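Observations on the three-dimensional arrangement
As a plain string of letters, each chain reads:
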2 protein chains.
Amino acid sequence: MLESNNLVTFNGLANSSAYHTFLLDEERGRLFVGAKDHILSFDLTDMTMNNQLISWPPSPSRRDECKWAGKDLQECANFIKVLHPYNSTHLYTCGTGAFHPVCGYIEVGKRPEDNIFRLESSHMENGRGKSPYDPKLLTASLLIDGELYAGTSADFMGRDFAIFRTLGEHHPIRTEQHDSRWLNDPRFVSVHLIPESDNPEDDKIYLFFRENAIDGEHAGKATHARIGQLCKNDFGGHRSLVNKWTTFLKARLVCSVPGFNGIDTHFDELQDVFLMSSKDPKNPVIYAVFTTSSNIFKGSAVCMYNMADVRRVFLGPYAHRDGPNYQWVPFLGRVPYPRPGTCPSKTFGGFDSTKDLPDDVITFARSHPAMYNPVYPINNRPIIIKTDVDYQFTQLVVDRVEAEDGQYDVMFIGTDIGTVLKVVSIPRGTWHDLEEVLLEEMTVFREPTVITAMELSTKQQQLYLGSSAGVSQMPLHRCDVYGKACAECCLA
Amino acid sequence: MLESNNLVTFNGLANSSAYHTFLLDEERGRLFVGAKDHILSFDLTDMTMNNQLISWPPSPSRRDECKWAGKDLQECANFIKVLHPYNSTHLYTCGTGAFHPVCGYIEVGKRPEDNIFRLESSHMENGRGKSPYDPKLLTASLLIDGELYAGTSADFMGRDFAIFRTLGEHHPIRTEQHDSRWLNDPRFVSVHLIPESDNPEDDKIYLFFRENAIDGEHAGKATHARIGQLCKNDFGGHRSLVNKWTTFLKARLVCSVPGFNGIDTHFDELQDVFLMSSKDPKNPVIYAVFTTSSNIFKGSAVCMYNMADVRRVFLGPYAHRDGPNYQWVPFLGRVPYPRPGTCPSKTFGGFDSTKDLPDDVITFARSHPAMYNPVYPINNRPIIIKTDVDYQFTQLVVDRVEAEDGQYDVMFIGTDIGTVLKVVSIPRGTWHDLEEVLLEEMTVFREPTVITAMELSTKQQQLYLGSSAGVSQMPLHRCDVYGKACAECCLA
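The structure presented is a predicted model; accordingly, all values stated were derived computationally and were not measured.

The rules behind these values
- Residues numbered from 1 in each chain as written.
- Chains lettered and ligands numbered in written order.
- Predicted model: local features only at pLDDT ≥ 70, side-chain atom pairs only at ≥ 80, totals over all residues.
- Heavy atoms only, no water.
- Helix = DSSP H or I, 4+ residues; strand = E, 2+ residues; numbered from the N terminus.
- Rg over C-alpha atoms; globule rule 2.2 N^0.38 Å.
- Buried < 20%, exposed > 50% of the residue type's maximum accessible area, 1.4 Å probe, protein only.
- Contact = heavy atoms within 4.5 Å.
- Areas by Shrake-Rupley, 256 points an atom, 1.4 Å probe, with all protein chains shown as cover.
- Lys, Arg positive; Asp, Glu negative; His and termini not counted.
- Charge placed at Lys NZ, Arg CZ, Asp CG, Glu CD.
- Buried area = accessible area lost by both parts, 1.4 Å probe.
- Polar contact = N/O pair within 3.5 Å; in protein donor to acceptor, adjacent residues only side chain to side chain.
- Nonpolar A, V, L, I, M, F, W, Y, C, P; charged D, E, K, R; others polar.
- Pairing = 2+ DSSP bridges.
- Phe/Tyr/Trp six-rings, centres within 6.5 Å; stacked < 30°, edge-to-face > 60°.
- Axes fitted to C-alpha atoms, helices over the stretch in contact; angles between N-to-C directions.
- pLDDT = per-residue confidence, 0-100.
- Core = buried A, V, L, I, M, F, W, Y, C linked by side-chain atoms within 4.5 Å.
- Disulfide = S-S within 2.5 Å.
- Least-squares fit on C-alpha atoms with pLDDT ≥ 70 in both.
- Arc of directions from axis to C-beta.

1. What to know about the overall build of chain A
On a plain count of helices and strands, chain A comes out with 5 helices and 33 strands. Its C-alpha atoms give chain A a radius of gyration of 23 Å, near enough to 23 Å, the size a compact globule of 492 residues would have. Counting only C-alpha atoms, chain A reaches 65 × 60 × 45 Å along its principal axes. Sorting the 492 residues of chain A into buried and exposed places 59% on the buried side. Partitioning the intrachain contacts of chain A with sequence separation of at least 6 by distance along the chain shows that 55% fall at a separation of at least 24. For chain A, the accessible surface area stands at approximately 20,500 Å², while carbon and sulfur atoms represent 50% of it. A distance of 5 Å separates the average location of the 48 positive side-chain charges in chain A from that of its 62 negative side-chain charges.

2. Focus: the interface of chain B and chain A
With 36 residues of chain B at the contact, the number on the chain A side is 36 residues. Regarding the contact of chain B and chain A, the summed buried area is about 3,200 Å², with carbon and sulfur atoms giving 59% of it. Put simply, chain B and chain A have 11 residue pairs in polar contact (both at pLDDT 80 or more) between them. The class makeup of the residues in the side of chain B that touches chain A is 14 nonpolar, 15 polar and 7 charged.

3. Observations regarding the sheet that holds strand S11 (residues 140-144) of chain A
Residue and element names in this part refer to chain A. The strand order across the open sheet built from 4 strands is S11-S12-S13-S14, with neighbouring strands paired in antiparallel fashion. On the outer flanks of this sheet lie S11 and strand S14 (173-174), each paired with one strand and no other. Direction of pairing for strand S13 (residues 161-166) relative to S14: antiparallel, over a ladder of 2 bridges. Directly across from Arg-165, in S14, lies its bridge partner Ile-173.

4. Points about the packing of aromatic side chains
Counting across every chain of the model gives 33 aromatic pairs over all chains. Geometrically, the ring pair formed by Trp182(A) and Phe248(A) is stacked, given 5.6 Å between the ring centres and 25 degrees between the ring planes. Taken together, the residues Trp182(A) in the loop between S14 and strand S15 (187-194) and Phe248(A) in the loop between strand S17 (223-231) and strand S18 (249-253) connect sequence positions 66 residues apart. No difference in accessibility class separates Trp182(A) from Phe248(A), as the two residues are buried. An angle of 70 degrees between the planes, with centres 5.0 Å apart, marks the rings of Phe331(A) and Phe364(A) as edge-to-face. Taken as a pair, Phe331(A) in the loop between strand S25 (329-330) and helix H3 (359-367) and Phe364(A) in helix H3 lie far apart in primary sequence, 33 residues in all. You can call Phe331(A) buried: its relative accessible area is 19%. On the basis of relative accessibility, which here comes to 7%, the residue Phe364(A) falls in the buried class. Every member of this aromatic cluster is reached through a ring pair, and the members are Phe267(A), Phe297(A), Phe267(B) and Phe297(B).

5. Quick notes on unusual backbone geometry
Here the bond from Tyr337(A) into Pro338(A) is cis, since omega is -5 degrees, no more than 30 degrees from zero. Tracing the sequence through the fold places Pro338(A) in the loop between S25 and H3. One non-glycine residue, Ala98(B), adopts positive backbone phi at about 55 degrees. With respect to the helices and strands, the residue Ala98(B) is situated in the loop between strand S7 (90-95) and strand S8 (102-107). At Gln461(B), a position not held by glycine, the phi torsion is positive, near 55 degrees. In this fold, Gln461(B) is placed in the loop between strand S31 (453-457) and strand S32 (462-466). Residue class for Gln461(B) comes out partly exposed when judged on its relative accessible area of 34%.

6. Some details on the pairing of S7(B)
All names here are of chain B. The element S7 is largely enclosed, with a buried count of 6 among its 6 residues. On S7, burial covers both faces: His-90, Tyr-92 and Cys-94 on one face and Leu-91, Thr-93 and Gly-95 on the other are all buried. Across 5 bridges, strand S6 (residues 80-85) lies against S7 in antiparallel orientation. Looking across to S7, one finds that His-84 is bridged to Tyr-92. Hairpin remark: S6 followed by S7, antiparallel, with 4 residues in the connecting loop.

7. Some remarks on the side chain of Glu211(A)
All names here are of chain A. Along the chain, the position of Glu-211 falls in strand S16 (residues 204-212). You can call Glu-211 buried: its relative accessible area is 0%. Within polar-contact distance, the side chain of Glu-211 engages the side chain of Arg-226 at 2.8 Å. With residues near it in sequence (within four places) discarded, Glu-211 still touches Trp-182, Leu-183, Asn-184, Asp-185, Pro-186, Arg-187, Ala-222, Thr-223, His-224, Arg-226 and Lys-250.

8. Overview of the sheet that holds strand S4 (residues 38-43) of chain B
All names here are of chain B. Spatial strand order, S2-S3-S4-S5: 4 strands in an open sheet with antiparallel pairing. Two strands bound the open sheet, and with one partner strand each, they are strand S2 (21-25) and strand S5 (52-55). Sheet twist, expressed as the average angle between the axes of neighbouring strands with direction ignored, equals 15 degrees. Pairing of strand S3 (residues 30-34) with S4 involves 5 bridges; the strand directions are antiparallel. Note that in S4 the partner of Leu-31 across the bridge is Phe-42.

9. Examining the confidence of the model for chain A
When the pLDDT values of chain A are averaged, the result is 91; 93% of them are 70 or greater. Throughout residues 482-492 of chain A the model reports pLDDT below 50, and contacts reaching past four residues in sequence, or to other chains, amount to 21 contacts.

10. Some words on the nonpolar core
Ranked by size, the top nonpolar core spans 62 residues in total, and within it Phe208(A), Ile227(A), Phe290(A), Phe208(B), Ile227(B) and Phe290(B) carry the most contacts. If you look at the next biggest cluster of nonpolar residues, it comprises 37 residues, including Val410(B), Val424(B), Phe445(B) and Met454(B).

11. Digging into the pairing of strand S23 (residues 299-306) of chain B
Strand residues, when the strand is regular, have side chains that alternate between the two faces of the sheet. All names here are of chain B. Counting buried positions along S23 yields 7 of 8 residues, so the element is predominantly enclosed. Of the pairings in the sheet, the one linking S23 to strand S26 (residues 384-387) comprises 4 bridges and is antiparallel in character. In the sheet register, Val-302 faces S26, and the bridge partner there is Ile-384.

12. A word on the state of the cysteines
Note on terminology: a disulfide is the covalent bond linking the sulfur atoms of two cysteines. Residue and element names in this part refer to chain B. For the coordinates displayed, the defined rule picks out 8 disulfides over all chains. The partner cysteine of Cys-231 in its disulfide is Cys-343, sulfur to sulfur 2.0 Å. Negative torsions about the S-S bond denote left-handed disulfides, and the value of about -90 degrees found for Cys-231 with Cys-343 makes this one left-handed. Here Cys-231 is found in strand S17 (residues 223-231), whereas its partner Cys-343 is found in the loop between strand S25 (329-330) and helix H3 (359-367), with 112 residues between them in sequence. Of the two residues, Cys-231 and Cys-343, neither departs from the other in class, the shared state being buried. Here Cys-255 engages in a disulfide with Cys-303; their sulfurs sit 2.1 Å apart. Taking the sign of the S-S torsion, 85 degrees for the link of Cys-255 and Cys-303, the bridge is right-handed. With a gap of 48 residues between them, Cys-255 in the loop between strand S18 (249-253) and strand S19 (256-257) and Cys-303 in strand S23 connect regions that are remote in the sequence. On the basis of relative accessibility, which here comes to 0%, the residue Cys-255 falls in the buried class. A residue is classified by how much of its surface remains accessible, and Cys-303, at 0% relative accessible area, is buried.

13. Side note on the environment of Asp359(B)
Residue and element names in this part refer to chain B. Mapped onto the elements of the fold, Asp-359 is located in helix H3. Among the residues examined, Asp-359 registers a relative accessible area of 41% and is labelled partly exposed. Spatially, the C-alpha atom of Asp-359 lies 16 Å from that of Phe-248, the residues being 111 residues apart in sequence.

14. A closer look at the relation of the copies chain B and chain A
Both copies of the chain are related by a screw-like operation: a rotation about an axis and a shift along it. When chain B is fitted to chain A, the residual RMSD is 0.0 Å, and the transformation amounts to a turn of 180 degrees plus an axial shift of 0.0 Å. Read as a symmetry element, the transformation amounts to a two-fold axis. For chain B, the smallest separation between a C-alpha atom and the rotation axis is recorded for Tyr326(B), amounting to 1.9 Å. Here 100% of the contact residues of chain B are again contact residues in chain A; the copies associate through an equivalent surface.

15. Side note on H3(B)
Note on helix geometry: an α-helix contains 3.6 residues per turn, so any two residues three or four positions apart are oriented the same way. Within H3(B), the full set of buried residues consists of Val361(B), Ile362(B), Phe364(B) and Ala365(B). Viewed end-on, H3(B) has its buried residues packed into an arc of 165 degrees, placing them on one side of the element.

Put into structure tokens, the structure is as follows:
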């Protein structure tokens, strides 16, 4: 375990915590961090210099209301949950607002040298469907073309979970309410846009989350990791599913190790997702971090998925059951046309909008949100497994490195004890036989604390890490520690 | 880890192995051991003295047939799988007979001093439904009142698993064939008679086994531990279920640790069962050893069950499903009378034999062999859990010890690396809060080898252990190792 002297740490503000929401802005050379009652702006080259700060606590009256509603005073603050680029001059941000979600615009200027960092306090918006009420709930969001896609909870009690699209010119749209087949107590991890073809009409939004399995009470409670899809141009149904997604589909993400007797060991608690973009923007490689659901057997795993497998599952059979006492089976009947989940576009069929979809398509989509087949990882097993250690993985970023003998994906894995593992998967002959090599294990936070946010700047060759306690910055490759001749370093 | 000098070991015969089938005969002072091609008789006081041996290999022609059928030559031997007292002068024994099961009678004489140990080779019987064909398959049996109850496989291919009653004057009887609801690739562990009332007509046979779960393909493959029940006076149905059990019921045995989010960690691979008899023969305490099904997370646990909970489950709702695509639900309709699973007796109703059962009872029994509710362990959790070690539990015997401050159950746990753990569970205040104390960990077999058989002689105060390599004998309590004053020893 190395403690690096080139580690730069921001030890947090006295009246803040929860440095969990990161926005990396390579162009402006800034790392924006949403925390408790504050939004910070750090210089990417050196976090300790040239910081800027927005203080955005709830009003005293709002705080009192929260307290009177029986909430813990610690939670009656404005925890920033959403932080995205909005346009060329502004960011969009939302926070829990002491159990009363609120959003606003932050002016950051066009160029780095503008040196602006200011919340437009005259222009606040309701944050319902964007930020959760409860800071403990996991939320994931993506802002694209002026519209915010957010997987979150939209009520005070934290029961109405949904995937929303808000902002922009269109009417807000969401997932079907009170239907556990659509979402069953989801914990959202991340949201991404991945194009399906060269035609933007086919663009899809993918959501990663974990939720409670609904395989029947008899089988016992379990968590399943999920990938969900939506069409960017979904505007809901006309007569039914009005202002609800008509193209939502989800599939199980399996990360398991094959066992004797065919009994596999599952890692189901999806913790983080990293998309490694390739030359083809339609086909990023999906890296995902999982932990086990057991409190007796603690372990972590990293699985890789490719988009071809994801698309094959969404084009495969829908999960179907005839009623509550039935098992889930693959739907073998006639699927209505156009196939639910297909985006309205010139590429795949002759309909212009989801509002034009025939009634049978909407009816089918409403009752068949899940696919029968799961998405299995590349090579059908994790690329990394860690068991028999007293920590678990929480975060992952991947750096693609050109070495003399080819390309390597170097993984930086954050843990729940404030450490980072630097791991590389090397093909042992073929890509079907990978050997994981642990290059370094670094202590980032002195106090054991959960690493909850991680961003990688390829331009700066730096890694940024967030936790409850503060923010740290670390060079990706520290050749000076090993010396230039060191094999590990050359590789990294 | 102690290596005892009072350990006595029989290192096996040159042409034998698999010392797996034990029969303890306290009256004659002998331990009978069934092995490969041999049955041995040991003196309980000292295994190295006064041994007797029966050699019972298959005939050369039988061995050739086995070889021609494509079986491994190592398995083309007579592995002794059944060894029980038959009457006052004879034992009954069965072996695989080179994939052609065979049984016979062993004369042992009335008194110890007769010194007889002889296979009645003129009186051999077909062993089908008593011993498996394949020595790798697990079999459990009990011989009582001249009848043999055996859970085994009854065909060459090892596919037709059933619970049989053979021998005696009645027609052989078995479980329904080709019905995975009854048995689904079971691995039998043990068979016991436990009276239900003071009336012998209510006597029940209980079987312990593990089998494949049939909760639907979608849920993934899993093993479930089971307790099965049969009436001793079941003679099958009259028009339907002829020569099949009409009183067979099974329930899941759960051994799990409660987890956060309600997701429990299950130990499902039942390995061994020990019944600790109490003053009331109707209510022994059931000790059961389990391991995990995962090859990544290896662990072992001991759970305790009481008969009141077992009986409550068998009197509870039957598991029901309307068809293959349905889920298992509790059967809430009208259960026919007499309730399936009840023994014909004067105690519980006015019918004399299972042959008199109404058709609707037989029809119901045939399609509802499983109970909906599982049997949970005492205190809803294991009394011992062992994880993060490189071995697993395989066998268990329990010695009830009177100490100055009360009664203690001292557990001797055999492992798959040839060691024995001596563990005592001490109530920490109440019986709902047990503290496990590891008293000793002893190496029994020098080479790491799986302990596959274990018997305890309370009369001799000795423990007997079997493995592939040989048989060992060990004193239960070795006060001389610690000295008389030692607290652990006084306790033990």
